[in-house]
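Coordinate inspection notes
Residue-level listing of the chains:
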There are 2 protein chains.
Amino acid sequence: MPERILANIMLDRFLAEDFVTLRETCAIAQPPDVADAFAYFEAPEVLSMLMALDEDARIEIYPHMTEELQAQVAELMPPAELARLFSELYSDDRADIYRDLSEEKQQEVMHLLAATEREDLRRLGSYPEGSCGSEMTSDYMSLPPNISTSQAIARIRAEAPDKETIYYCYVVDKSRRLVGMVTLRDLILAHPERLVGDIMNPDVMHVDVNEDQETATRLIRRYDLIAVPVTDPNKTLVGIITHDDALDIVEQEHTEDLEKFMAIAGEHEAGAYLRTSVLQHFRNRVGWILGLAALGLVSGYIVQSFEGLLVQFAVLATFMPMLADSGGNTGSQSATLVIRAMALGEVKPRHALTIISKEFLIAAPLGILLGLFAMGRVFAFYGADGPAGGASPLMVGATVAIALLCQVVTATLIGALLPLGAARLKLDPAVIASPALTTIVDISGLLIFFTTAKMMLA
Amino acid sequence: MPERILANIMLDRFLAEDFVTLRETCAIAQPPDVADAFAYFEAPEVLSMLMALDEDARIEIYPHMTEELQAQVAELMPPAELARLFSELYSDDRADIYRDLSEEKQQEVMHLLAATEREDLRRLGSYPEGSCGSEMTSDYMSLPPNISTSQAIARIRAEAPDKETIYYCYVVDKSRRLVGMVTLRDLILAHPERLVGDIMNPDVMHVDVNEDQETATRLIRRYDLIAVPVTDPNKTLVGIITHDDALDIVEQEHTEDLEKFMAIAGEHEAGAYLRTSVLQHFRNRVGWILGLAALGLVSGYIVQSFEGLLVQFAVLATFMPMLADSGGNTGSQSATLVIRAMALGEVKPRHALTIISKEFLIAAPLGILLGLFAMGRVFAFYGADGPAGGASPLMVGATVAIALLCQVVTATLIGALLPLGAARLKLDPAVIASPALTTIVDISGLLIFFTTAKMMLA
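First things first, this report covers the structure right here in the doc. Values in this document were obtained by computation on a predicted structure and should not be read as measured data.

1. Remarks on the environment of B:Met65
Relative to the helices and strands, B:Met65 resides in the loop between α5 (55-61) and α6 (67-76). As a C-alpha pair, B:Met65 and B:Ala39 span 26 residues in sequence and 7.7 Å in three-dimensional space.

2. As for the nonpolar core
Most often, soluble globular proteins have nonpolar side chains that are buried together. Of all hydrophobic cores here, the largest spans 176 residues; its most connected members are A:Phe38, A:Leu187, B:Phe38 and B:Leu187. When near neighbours in sequence (up to four residues on either side) are disregarded, A:Leu187 contacts A:Leu143, A:Thr149, A:Ala152, A:Ile153, A:Ile156, A:Cys169, A:Val182, A:Val196 and A:Ile199. By size, the runner-up hydrophobic cluster in this structure holds 80 residues, among which are A:Phe313, A:Val408, A:Leu446 and B:Ala374.

3. Quick word on the sheet that holds strand β4 (residues 207-208) of chain B
Residue and element names in this part refer to chain B. Read from one edge of the open sheet, three strands run β4-β5-β6, paired in mixed fashion. Here the strands that pair on one side only, and so sit at the sheet edges, are β4 and β6 (237-242). Across five bridges, strand β5 (residues 227-231) lies against β6 in antiparallel orientation. Within β6, the residue paired with Val230 across the bridge is Gly239.

4. Let's talk about the sheet that holds strand β1 (residues 141-143) of chain B
Residues and elements named next belong to chain B. Pairing in this open sheet of three strands is mixed, and the strands run β1-β2-β3 from one edge to the other. Edge positions in the sheet fall to β1 and β3 (178-183), since each of these pairs with one other strand and no more. Each neighbouring strand pair of the sheet contributes to a mean axis angle of 35°, computed without reference to strand direction. Where strand β2 (residues 168-172) lies against β3, five bridges are found, and the strand directions are antiparallel. Within β3, the position partnered with Tyr170 by the bridge is Met181. Strands β1 and β2 of the sheet are contacted by helix α12 (residues 149-159), whose axis makes an angle of about 150° with β1.

5. Some words on the interface of chain A and chain B
The interface is formed by 115 residues belonging to chain A together with 113 residues belonging to chain B. For the pair chain A and chain B, the summed buried surface comes to about 10,500 Å²; carbon and sulfur atoms form 66% of the total. When the area that chain A buries against chain B is broken down by residue, the three leading residues are A:Tyr167, A:Arg185 and A:Tyr273, summing to 7%. Our count for the contact surface shared by chain A and chain B stands at 10 salt bridges. In this structure, the salt-bridge partner of B:Asp248 is A:Arg221, at a minimum N-O distance of 3.0 Å. Our count for the contact surface shared by chain A and chain B stands at 32 residue pairs in polar contact (both at pLDDT 80 or more).

6. Digging into the side chain of A:Asp442
Take A:Asp442: it is sitting in helix α22 (residues 434-457). Buried charge without a salt bridge: A:Asp442, with B:Arg377 as the nearest opposite-charge side chain at an N-O distance of 15 Å. The contacts of A:Asp442, once residues within four sequence positions are left out, are A:Ser299, A:Ala324 and B:Asp325.

7. Section: a nonpolar patch on the surface
Together, A:Leu295, A:Val298, A:Leu418 and A:Ile440 give the surface a local cluster of nonpolar side chains, amounting to about 250 Å² of exposed area. Within the secondary structure layout, A:Ile440 lies in helix α22.

8. Thoughts on the packing of helix α16 (residues 243-261) of chain A against helix α16 (residues 243-261) of chain B
Interaxial distance between α16(A) and α16(B) falls to 10 Å at its minimum, and their mutual angle equals 5°. What the angle tells us is that α16(A) and α16(B) run roughly parallel. Of the residues in α16(B), those in contact with A:His243, A:Ala246, A:Leu247, A:Val250, A:Glu251, A:His254 and A:Leu258 of α16(A) are B:His243, B:Ala246, B:Leu247, B:Val250, B:Glu251, B:His254 and B:Leu258. Its residues assigned to classes, the contact of α16(A) with α16(B) comprises eight nonpolar, four polar and two charged.

Parameters at a glance
Residues numbered from 1 in each chain as written. Chains lettered and ligands numbered in written order. Predicted model: local features only at pLDDT ≥ 70, side-chain atom pairs only at ≥ 80, totals over all residues. Heavy atoms only, no water. Helix = DSSP H or I, 4+ residues; strand = E, 2+ residues; numbered from the N terminus. Core = buried A, V, L, I, M, F, W, Y, C linked by side-chain atoms within 4.5 Å. Buried < 20%, exposed > 50% of the residue type's maximum accessible area, 1.4 Å probe, protein only. Contact = heavy atoms within 4.5 Å. Pairing = 2+ DSSP bridges. Axes fitted to C-alpha atoms, helices over the stretch in contact; angles between N-to-C directions. Buried area = accessible area lost by both parts, 1.4 Å probe. Salt bridge = Lys/Arg side-chain N within 4 Å of Asp/Glu carboxyl O. Polar contact = N/O pair within 3.5 Å; in protein donor to acceptor, adjacent residues only side chain to side chain. Lys, Arg positive; Asp, Glu negative; His and termini not counted. Patch = residues over 30% accessible without salt bridge, like charges linked within 9 Å, V, L, I, M, F, W, Y side chains within 5 Å. Areas by Shrake-Rupley, 256 points an atom, 1.4 Å probe, with all protein chains shown as cover. Parallel < 35°, antiparallel > 145°, perpendicular 65-115°, else oblique. Nonpolar A, V, L, I, M, F, W, Y, C, P; charged D, E, K, R; others polar.

Written out as C-alpha cells, the structure reads:
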C-alpha cells in the first residue's frame, strides 16, 4: 500500500478518534511503510498514534522512522514511557535514538533504565561515529563451547526473542573472549549429542570495535556473511554488525562519497532529498560554489594577461572552451575510476606507479586524437594556407594540438594522483571533488595553452 | 593472509609439484582469498591447481574467481569434469558461468548434465541481464503447508546441504504457487506439532522474475530481509535472491551509475580497475571525450561571434571561466542530488514540481551571492568610477551579476530536470552525464552572458 494512501487512512481514522481501526491498519501494513506514513504528521500526532498501538507494533515501527522524527517524538514522551520503549528496542537502535536526545531528556531516561541497559547505552554511545562500535548491536547470540548442540538449540529457543539474529551464534570462553562460531544450520545438521566446541569454526573473521564501519561491510560482502562479530582489543566479544546494517552503511557511504565528489558539503540522511530543508541544501552547496567561483577568477586573470595574443590570433579563443572541457572531463574520468577502485578496496596508494603508467598510456592516444581533431578544425577555419594572424595555419594548428595533448595528459594524471595523494595523507579520496578538479585543470590548461602559443607563434 | 603472499606460497608449491601442501594451504585460506591469488596465474595453471584440490574446496573457490578466469578455466576443462563441477555449483553461479562459455563448450557440457539441471540452466539463462530472473538461485528451501514444524525441520536437515539458505523457507501449494513463508527462527520457536500453514506468514513480499534486479535489492534493504522470493506471472515460485546478492548488486550498480554519470561508457566488473586493459579503458572513455570536445567547439564558436564585444569590454573575458564553472558546478550538484534520490527510490518523476520549486529557491540566493561577489570584483578592477570601455563600471558589474544569476538558476534547473526527463522516458537517470551537463551549461551560459552584455552595454 503506497505510503500516501496509508497516511490518508491513518489521518482519517486519527481525526475520527477511531483507534481500533488505526491499530488494525498499522498491524496489516509493514512497519517501514507505517513509519514512512508518519512523516506526513506532526510529532505530537505521531506520539498519540504510537501510544494507541500495541507495544510490539510500536517497537517495530519506531526504528524505521526518520532520525529527526524519532528524536522529536522521544522528547515529547513521558520519561517512564520512553524508558519502557528503550528497554524493548534493540541495543543499536536504542543507542542511535539516545544520541539524538536533548541532554535533559538523556538524564531523565537514564535514571529509569535498568543497570545493564544503562551500562550498555553508555558503552555503545562511547564509540566515535563511523566506527564499528557505533554501528554494532549487543543483542547477539552467544554460546559456551562445552554444551551439546541440543542444549544449544534449547538455549537459542529461550533467548531468540531478544536477539537480532540467531542464525550466527558466537562461541565465547568464560571471560567472553571470542573463540569460535556456529551457524544455526551447523547446529541443526549436527548430531544432538555433539559439543558446540567440537563443531564450531574456530577461525572467525571479526572486526575491532574502533575500526571503520566500512571494514565490516567489506567483510560481510566478500565472505557473504549474515553478521560479523565486533571485538575489543582483548578479543572480548562486544557486539555484532548484521547484513542489513551493511546494506544501509553501503548506501549511506555511497551517497556521502558521491556528494563529496560533486562538491556538496554537510551531512544528511541518504534518501532524504525531499525531507532536507531548502536552507540546509543551500548551506551544503554554497561554500564550494563560492570558493570555486573565486578560483575561477584566477582563470579569468590568466585570460586577461594574454589578451594581446588573443587579439592577434582570434582563432585561439575558439579553442579555449574545448581545452577546458577536455581537461575537466579526462581528469574527472580518471579521478572517478581511481576513487571508486579505492572505495572497493582494489587500489591502494602503493599502486601509484601502476596507475600513473596505465593512465598515461590511456591519456596519450586520447590527447593525440583530440589534437588531430582540433587541427582539422583550424584548417577548416582558415583553409590550408590562408592568413592566420601572421602565422601559418599549420603553426596555429600545431599549437592547439600540442596544447591539447599536454592538457589531456596533465589533467588525467592530476585526476589520478590527487585521490592517491589524499589517501596517502589518510584523507578520504572522495574529498577530491570533481568540480574542484575541473577548476584546477582549467587553470593549468590555460597556462599550457598560452605558453605553447607564445613559444610557437609570438 | 594477503593474496600476494598466498599467491607466492601457491606458486612455490605448484612449481615444486608439492600438491599436498598446496591443498592444505588452500584449505586453511578463505575461498575468496584463494580465488584472488589465482589471478596471478595463467588459466592452465589454475586448472591444474583446482584439480589438485578437494572437490569441496574447488566448488567453494570457483565462483569467487573473476568471470574471465572462470570462463577460461571452464573452456580448458574436460567436459565430464566441467559437468561434475556444474552439478555441484549453486544454480545461479552455474548459470553465470554457462553464459560465458563458448557455444561449442555449452553444447558439450549440456549433453552431460542431468535432465533437471539442463532444464534449470535453460530457464535461468533465458532471463535478460539485470532482471531478477538472471540473479536468482533455484536452490531455495520450500515446504508444503500441511506438515508439522518438526517434520519441516527434519526435511530442512535432509535438504540443507544443497540450499543457499535455510533461514527463510517458502511455503508452496501443490502447483508450486507461493502461499507463505516461515523463518527457521519461527520453526524452532513453534510447538513441534503445529502445522507450517498455521505459523507461516501468508503475506510474503516477492518480486516478479522479469522485474529489474534493483527492485529486489530495495525490498531486501527496506525490510531487512535475508532473501526475497522470485515468482513468475502465475505467482509460481521460481527462485530467490539472497542478501549477499543484494550487496553485490548495489556495489555493481553504484559503480555503473557513477561511471555513466562521469561519462565513462562500456562495462566492466566492479572493482576491476587494475584488471581492465588499457585498450578497454581507452575505449570506454574515448567516445564521450571526442563528442564533448566537438560540443565544446560550439562554445568556441559563440565566443568568436561576440569577438567585437570582448575587444571593447576586455573585463568580460575575465568572468567567462567563472561563469562557465559556476554553471557547471551548480548544475552538477542538483543533478547529483536528484539522480541519487531517484536511485534510492525517494524521488519519482511525479515530484518534478516540488523539485523545481525547491531547486529554484536554492539557486536564486546562490546566484545573487555570486553576482554580488562578481560585482565587487568589477569595482576592484576599475575603481568605482573609472573608465570601462565606454560604459560605467556599475553597468559592467550589473551585467556580470545578472548574467551569473540567470546562469546559476538555469544551470541548476537544467541539472535537476534532465534526470527527471530521462526517467520519464524510462531511461536510467544516470545517463545524464555530469561532463555533458557541464558542456551544455557552458553553451547556455555564454549565450546568456553575451546577450545580457549586448543589451546592457552595446
